Amino acid sequence: MDCFVYHTPELTPDLSVPPKDNAPVDCAIVVDVLRATTTIATALSTGAEAIQAFADLNRLKTAGAAWEKELCILSGERGGNKVAGFDLGNSPLDYSSDRVKGKRIFMSTTNGTRALQRVQHAPVMLTAALVNVGAIVKTIIDRQFASIWIVNSGWQGDYSLEDTVCAGALLHHLQAAGVEVNAGNDEAIAAIALYKSWSDNLLELLRQASHGQRLLRLQKDADLEYCAAVSTLDIVPYQSELGVLMA
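These remarks concern the structure in this document. (Residues numbered from 1 in each chain as written. Predicted model: local features only at pLDDT ≥ 70, side-chain atom pairs only at ≥ 80, totals over all residues. Heavy atoms only, no water.)

**As for the pairing of strand β10 (residues 238-241)**
Inspection of the sheet shows β10 paired to strand β11 (residues 244-246) by three bridges, in the antiparallel sense. Residue Glu-241 lies in a different strand from β11, and its bridge partner there is Val-244. A loop of two residues connects β10 with β11, the two strands running antiparallel in sequence, and Gly-243 in this loop sits at a positive phi of about 80 degrees. (Pairing = 2+ DSSP bridges. Helix = DSSP H or I, 4+ residues; strand = E, 2+ residues; numbered from the N terminus.)

See below:
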């Protein structure tokens, strides 16, 4: 299996428009550990009907306004904080069953939704975080993809430790399951090395990461603890139609 890791959406080959020929990858996996893809996995595991992702807040509001009000949640985050006037921000701890079950979540975040749009025309698009690594690895193995891209969301165009360690966790666990992982770029090799170095202390790594430091300043240590746990959710978010993620 050919495996590539891209540190940011900007460094990822552009699949935001339909490719003229066949897409150069079988499956794109978007990662935003802190916190969009952790929140997406959590919301779907607690019964959300779907997540509809937007990079632009105004487009999100327009789409949400056309949905049945009782079954609609507006989720907006910028700079780690909930956007004023929105129902929820980007803390996975807020997406409990009593809040989201049966509802569609219209979501926009600082980094994750940009990564989703970058590869939205991949043949298969999944989202991964540390909390659902095991479920994603099983799906990759079951589907027997010939090639995967792991697309890290980063932070406003910059590298992030937490997304890279998650990419490394995915590749390491594929190797541990007997999959022949062919690293397509140096980033894939580096991601595996990072995970092996920190696999026993992922929470501390997240606390040292620049975005982890931002969240600590916002008193979000409980979010970091939740996001650092590995394979606690047996959920595979996938793009069912353009911009819409379901379980």
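**Observations regarding the side chain of Asn-185**
Examined against the element boundaries, Asn-185 turns out to sit in the loop between β9 (182-183) and α7 (186-198). Accessibility expressed as a relative area gives 15% for Asn-185, which makes it buried. Only 2.8 Å separates the side chain of Asn-185 from the backbone oxygen of Val-5, close enough to count as a polar contact. Polar side-chain contacts of Asn-185 include one of 3.2 Å to the backbone nitrogen of Ala-188. Each residue touching Asn-185, except ones within four places of it in the same chain, is listed here: Cys-3, Phe-4, Val-5 and Tyr-6. (Buried < 20%, exposed > 50% of the residue type's maximum accessible area, 1.4 Å probe, protein only. Polar contact = N/O pair within 3.5 Å; in protein donor to acceptor, adjacent residues only side chain to side chain. Contact = heavy atoms within 4.5 Å.)

**Considering the state of the cysteines**
Following the criterion strictly, the structure yields zero disulfides and no others. This cysteine, Cys-27, is not joined by any disulfide, and Cys-3 carries the nearest cysteine sulfur, 10 Å off. On the accessibility criterion, Cys-27 (0% relative accessible area) is buried. This cysteine, Cys-227, is not joined by any disulfide, and Cys-166 carries the nearest cysteine sulfur, 11 Å off. (Disulfide = S-S within 2.5 Å.)

**As for helix α9 (residues 210-217)**
The complete set of buried residues in α9 reads His-211, Gly-212 and Leu-215. In an axial view of α9, the angular spread of the buried residues amounts to 105 degrees, which keeps them on one side of the axis. The elements touched by buried residues of α9 are α6 (161-176), α8 (202-208) and α10 (221-228). Gln-219 lies just past α9 and shows a positive phi near 60 degrees. (Arc of directions from axis to C-beta.)

**What about the pattern of salt bridges?**
Using the criterion set out here, one finds eight salt bridges in the structure. Notably, a salt bridge pairs Arg-114 with Glu-10, separated by 2.5 Å at the nearest N-O pair. Taken together, the positions of Arg-114 in helix α4 (residues 112-118) and Glu-10 in the loop between β1 (2-6) and β2 (27-31) put the pair 104 residues apart, joining distant regions of the chain. For Arg-114, a relative accessible area of 24% translates into the label partly exposed. Residues Asp-142 and Lys-138 are paired through a salt bridge, measuring 2.8 Å at the closest nitrogen-oxygen approach. Taken together, the residues Asp-142 and Lys-138, both in helix α5 (residues 133-143) and four residues apart, mark about one turn of the helix. (Salt bridge = Lys/Arg side-chain N within 4 Å of Asp/Glu carboxyl O.)

**Side note on the nonpolar core**
Nonpolar side chains in soluble globular proteins generally cluster together in the buried interior. Ile-29, Ile-148, Leu-171 and Leu-174 are the most contacted members of the largest nonpolar core, which totals 42 residues. Ranked by the residues each element gives to this core, the list is headed by α6, at seven residues. Not counting residues up to four positions away in its chain, the partners in contact with Leu-174 are Met-1, Val-137, Ile-140, Ile-141, Ile-148, Val-179 and Val-181. Core analysis: the next-biggest nonpolar cluster, separate from the first, contains 30 residues, Ile-105, Val-119, Ile-235 and Leu-245 among them. (Core = buried A, V, L, I, M, F, W, Y, C linked by side-chain atoms within 4.5 Å.)

**Observations regarding the packing of α5 against α6**
Between α5 and α6, the shortest axis-to-axis distance is 10 Å and the interhelical angle comes to 50 degrees. For the element pair α5 / α6, the angle class is oblique. α5 and α6 meet at a crossing whose hand is right-handed. On α6, the residues touching Val-133, Ile-136, Val-137, Ile-140 and Ile-141 of α5 are Cys-166, Ala-169, Leu-170, His-173 and Leu-174. Considered class by class, the residues forming the contact of α5 with α6 number nine nonpolar, one polar and no charged. (Axes fitted to C-alpha atoms, helices over the stretch in contact; angles between N-to-C directions. Parallel < 35°, antiparallel > 145°, perpendicular 65-115°, else oblique. Left-handed = near helix turned anticlockwise from the far one by under 90°. Nonpolar A, V, L, I, M, F, W, Y, C, P; charged D, E, K, R; others polar.)

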